[in-house]
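Read off the chains here:
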Amino acid sequence: MRIITQITSSAQATVLKGAALAALVALPSGAALWAAAGPTPLVLGCLCLSPFLGAVAGAAMDRRHRNRRASSEERSQALLASVQRVAQLGIAERSLRSGQSLWSDEFHAILGLTPGEVQPSMSLFLDCVHPSDRAEVEAALELVAKEGRRLERNFRIIRPDGDIRIINGRAEVEVDAAGTPIRLDSIIQDVTERKRLEDELDGLIRELWRSNEELEQFAYVASHDLRQPLRVVGSYVSLLEEELQGNLNGDAQEYMGFVRDGVRRMDRLINDLLTYSRVGRIATDQQVSLEQALASATADLQFEIEESGARVRADGELPVVMGDQSEMERLFLNLIGNAVKYRSPERPPEIVVACHDLEDAWRISVTDNGIGIPVEHAERVFGIFQRLHARDEFEGTGVGLAIVKKIVERHGGGIRVETDRAEGTCVTFTWPKARVMAEFPA
């Protein structure tokens, strides 16, 4: 009784009345009788109704949580629908127990159907499949349903407007805890445009290979056919010089020298062109020791190396790679030959061959202390017949680095000239460790 008297003090009773009246708005009408009995019954009524008020508050919180969950699910469904529409992916599922099918909106759209206007079913889907592909698709779906396999097929459909589309379909089975198939899940995607572009690309690639094959065959035949007339010209020039020896004046001898020089340069040019056309045509790829290839190249260049006082060395151990022995020797022959040819007149050539491990490839560098290559010509030097100097300065046909580039790229690597050097030249190329070979026409 003392507790009730303390609670019914005017200040506390006023506060409790306000809270109780707010709560009584949601109470049954009979509960309002407590309010007419004065402050003490009101307080007692509120104390007795506190479990009920807690339940009301809990229900309100549950409603808010359900609303949040519903809103989150709606956003997720909207996002999933957007993803399906952008990716042109249609999703469907079919119960293997009831036979009932559910299709996404994009599944309907790919088939040219409107959601709500048709009842999704297996038979409706098969009716949309092109008659020539229908039996295969039906058999594939039955196999997936029975054996639980995961299959992927390309097939055609015919939309209600007669448009034929190419579809990529994937299907798999969901099983229960006992391993029994219970649901068939399917995904279809319209790949018509992708297949069209792939077919166009395949056609362009085939045409490119054909054109390259014709050009290489032309270069190969022309090189052989052109060398024979040059030999004839060279032979008759030598005979004329012997026949007219002592009877030629200074100008005539100079003219004969021009003829000999022209025949010699033309023969070298044709020979280099023949070498370029042969890259990849007669290759026998196997394990090749870079150290042996380097030794063979320096042996072929022994006269030039001794004459120039050049020093060629390997910085560290060189690996064994997959490639063609003769092509690798040709590669080092051209790179080291260029380093010796384009040496600085102020110092003897120093040529260093190094190799770095890039995990999936080797990076090989050939560095010299010669006259260097200007930055603006770092890409141009790998073009065929590209020369940076006049013939009276340095001999050459402009094919050597083009051959090197073709050999490197045939094996799936890349080549470039380092442009951050103060002097000399550094040519680096990568050589994949895996067997990644470009398919050159045989």
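Note that the structure is a prediction, hence the values are computed from the model and not measured. (Residues numbered from 1 in each chain as written. Predicted model: local features only at pLDDT ≥ 70, side-chain atom pairs only at ≥ 80, totals over all residues. Heavy atoms only, no water.)

Participant: Explain the overall build of the protein chain to me, please; I cannot follow it from the model alone.
Facilitator: A tally of regular secondary structure across the protein chain gives 13 helices and twelve strands. Per-residue burial for the protein chain yields a buried fraction of 32% across its 442 residues. By sequence separation, contacts in the protein chain at least 24 residues apart represent 59% of the contacts at least 6 residues apart. Summing over all exposed atoms, the protein chain offers an accessible surface of approximately 26,900 Å²; the carbon and sulfur share of this is 54%. (Helix = DSSP H or I, 4+ residues; strand = E, 2+ residues; numbered from the N terminus. Buried < 20%, exposed > 50% of the residue type's maximum accessible area, 1.4 Å probe, protein only. Contact = heavy atoms within 4.5 Å. Areas by Shrake-Rupley, 256 points an atom, 1.4 Å probe, with all protein chains shown as cover.)

Participant: Could you clarify how one ought to interpret helix α13 (residues 400-410) in this entry?
Facilitator: For an α-helix the count is 3.6 residues per turn, leaving residues at separations of three or four pointing the same way. Summarising burial for α13: eight of the eleven residues are buried, a large majority. Where α13 is concerned, the buried positions are Leu401, Ala402, Ile403, Val404, Lys406, Ile407, Val408 and Arg410. Where α13 ends, the next residue or the one after it, glycine 412, has phi of about 85°, a positive value.

Participant: When you look at the pattern of salt bridges in this model, what are you seeing that I'm missing?
Facilitator: Opposite charge on two side chains allows them to pair when their charged atoms are near. Across all of its chains, the model carries 21 salt bridges by this definition. A salt bridge links arginine 183 to glutamate 93; the shortest N-O distance between them is 3.9 Å. Note that arginine 183 is positioned in strand β5 (residues 181-190) and glutamate 93 in strand β1 (residues 89-95), a separation of 90 residues in sequence. A relative accessible area of 26% means that arginine 183 is categorised as partly exposed. For glutamate 93, a relative accessible area of 35% puts it in the partly exposed group. With a shortest N-O distance of 3.2 Å, arginine 410 and glutamate 327 are connected by a salt bridge. Placement of arginine 410 in helix α13 and of glutamate 327 in helix α12 (residues 325-341) is noted, with a sequence separation of 83 residues between them. For the pair shown, arginine 410 and glutamate 327 are each scored as buried. Through salt bridges with shared partners, a single network forms among Arg159, Asp163, Arg165 and Asp190. (Salt bridge = Lys/Arg side-chain N within 4 Å of Asp/Glu carboxyl O.)

Participant: Please clarify how the packing of aromatic side chains should be interpreted in this entry.
Facilitator: Aromatic rings in a pair are described by how distant their centres are and how their planes are angled relative to each other. With the rule as written, the count across this model stands at four aromatic pairs. Aromatic pair phenylalanine 107 and phenylalanine 125: ring centres 6.0 Å apart, planes at 40°, arrangement tilted. Placement of phenylalanine 107 in helix α5 (residues 105-111) and of phenylalanine 125 in helix α6 (residues 122-128) is noted, with a sequence separation of 18 residues between them. Comparing phenylalanine 107 with phenylalanine 125, the two get one shared label, buried. Between phenylalanine 125 and phenylalanine 155 the ring centres are 6.2 Å apart and the planes differ by 85°, which places this aromatic pair in the edge-to-face class. With phenylalanine 125 in helix α6 and phenylalanine 155 in strand β3 (residues 151-158), this pair connects stretches of sequence that are 30 residues apart. The pair phenylalanine 125 / phenylalanine 155 is uniform in exposure class, with both members buried. A network of ring pairs unites the aromatic residues Trp103, Phe107, Phe125 and Phe155 as a single cluster. A cation over a ring is seen here: lysine 433 above tryptophan 362, with NZ or CZ 4.5 Å from the ring centre. (Phe/Tyr/Trp six-rings, centres within 6.5 Å; stacked < 30°, edge-to-face > 60°. Lys NZ or Arg CZ within 6 Å of the ring centre and 35° of its normal.)

Participant: What should I look at first to understand the packing of α12 against α13 in this one?
Facilitator: Two packed helices can be described by the angle between their axes and the distance between those axes. Relative orientation of the contacting elements α12 and α13 amounts to 140°, with a least axis distance of 9 Å. In this view, α12 runs oblique relative to α13, as classed from their interaxial angle. As for the relative orientation of α12 and α13, their crossing is left-handed in sense. In contact with Glu327, Arg330, Leu331, Asn334, Leu335 and Asn338 of α12, α13 contributes Gly400, Leu401, Ile403, Val404, Ile407, Val408 and Arg410. (Axes fitted to C-alpha atoms, helices over the stretch in contact; angles between N-to-C directions. Parallel < 35°, antiparallel > 145°, perpendicular 65-115°, else oblique. Left-handed = near helix turned anticlockwise from the far one by under 90°.)

Participant: Hey, could you run me through the environment of valine 353 in this one?
Facilitator: For valine 353, the position within the fold is in strand β9 (residues 350-357). As a C-alpha pair, valine 353 and threonine 367 span 14 residues in sequence and 6.5 Å in three-dimensional space. Once residues within four sequence positions are removed from consideration, valine 353 is found in contact with Leu294, Arg313, Ala314, Asp315, Leu318, Phe332, Ile364, Ser365 and Val366.

Participant: Sorry if this is basic, but what is going on with the packing of helix α10 (residues 290-300) against α12 here?
Facilitator: Relative to each other, α10 and α12 sit at 55°, their axes nearing to 8 Å. In terms of axis orientation, α10 runs oblique to α12. Considering how the two elements wind past one another, α10 and α12 form a crossing that is right-handed. Contacts between α10 and α12 pair Leu290, Ala293, Leu294, Ser296, Ala297, Thr298 and Asp300 from the former with Gln325, Met328, Glu329, Phe332, Leu333 and Ile336 from the latter. Residue composition of the contact of α10 with α12, grouped by class: eight nonpolar, three polar and two charged. (Nonpolar A, V, L, I, M, F, W, Y, C, P; charged D, E, K, R; others polar.)

Participant: For this particular structure, what's the right way to read the environment of alanine 354?
Facilitator: Topologically, alanine 354 is positioned in strand β9. Placed 13 residues apart in sequence, alanine 354 and threonine 367 show a C-alpha to C-alpha distance of 8.3 Å. Those residues in contact with alanine 354 that sit more than four places away from it in its chain are Asp315, Leu318, Arg363, Ile364 and Ser365.

Participant: Is there a simple way to think about the sheet that holds strand β2 (residues 101-103) in this case?
Facilitator: Sheet strands associate in pairs through backbone hydrogen bonding, adopting either a parallel or an antiparallel arrangement. Reading across from one edge, β2-β1-β5-β4-β3 is the order of the five strands in this open sheet, with antiparallel pairing throughout. The outermost strands of the open sheet, each flanked by one partner alone, are β2 and β3. Ignoring which end each strand starts from, the neighbouring axes of this sheet average 25° apart. With eight bridges connecting them, β3 and strand β4 (residues 164-175) associate as antiparallel partners. Bridge pairing in β4 links isoleucine 158 to isoleucine 164. (Pairing = 2+ DSSP bridges.)

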